[in-house]
Amino acid sequence: MYCDQCNENIGYLCYATYDRLELKYKYNCGNQGSVIVDFEDSKLGKIVVLS
């Protein structure tokens, strides 16, 4: 995920290590965004909140 305004890359995702991912992010320039990746066969698991 990349911001065209501040030219910042917040990271890359590897789809092999999880069933569902919810991510909210804010770039240094103030732009914000979110992404949800949820596979059809996802199973409910442990929720981890990173701050």
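Above: the structure in question.
Residues numbered from 1 in each chain as written. Predicted model: local features only at pLDDT ≥ 70, side-chain atom pairs only at ≥ 80, totals over all residues. Heavy atoms only, no water.

Caption draft 1: Representation of the overall build of the protein chain within the structure. A count of helices and strands for the protein chain gives zero helices and four strands. Listing each helix as α and each strand as β along the protein chain from the N terminus yields β-β-β-β. Restricting the contact set of the protein chain to residue pairs at least 6 apart, pairs at least 24 apart contribute 22%. Entry remark: accessible area of the protein chain is about 4,800 Å², with carbon and sulfur atoms responsible for 50%. (Helix = DSSP H or I, 4+ residues; strand = E, 2+ residues; numbered from the N terminus. Contact = heavy atoms within 4.5 Å. Areas by Shrake-Rupley, 256 points an atom, 1.4 Å probe, with all protein chains shown as cover.)

Caption draft 2: Focus on the packing of aromatic side chains. Under the definition given, this model contains one aromatic pair. Summarising the aromatic geometry, the rings of Tyr25 and Tyr27 are spaced 5.5 Å apart at their centres and angled 80 degrees between planes, so their arrangement reads as edge-to-face. For Tyr25, a relative accessible area of 19% corresponds to the buried category. (Phe/Tyr/Trp six-rings, centres within 6.5 Å; stacked < 30°, edge-to-face > 60°. Buried < 20%, exposed > 50% of the residue type's maximum accessible area, 1.4 Å probe, protein only.)

Caption draft 3: Highlighting unusual backbone geometry. For Asn7, which is not glycine, the phi dihedral falls at a positive 55 degrees. As for its position among the elements, Asn7 is in the loop between β1 (2–3) and β2 (8–9).

Caption draft 4: Looking closely at the environment of Gly30. Looking at the element boundaries, Gly30 is found in the loop between β3 (20–26) and β4 (32–38). Classification of Gly30 by relative accessible area gives partly exposed; the value is 33%. For the pair Gly30 and Cys6, spaced 24 residues apart in the sequence, the C-alpha separation amounts to 9.1 Å.

Caption draft 5: Examining the environment of Cys3 more closely. Here Cys3 shows up in strand β1. The spacing of Cys3 and Gly33 is 30 residues in sequence and 9.8 Å in space, taken between C-alpha atoms. For Cys3, the residues in contact, after removing those within four places along its chain, are Glu8, Tyr27, Cys29 and Asn31.

Caption draft 6: Broad picture of the pairing of β3. Pairing geometry for β3 and β4, over seven bridges, is antiparallel. Bridge pairing in β4 places Leu21 opposite Val37. In sequence, β3 turns back onto β4 through a hairpin of five residues, with Gly30 there showing a positive phi of about 105 degrees. (Pairing = 2+ DSSP bridges.)

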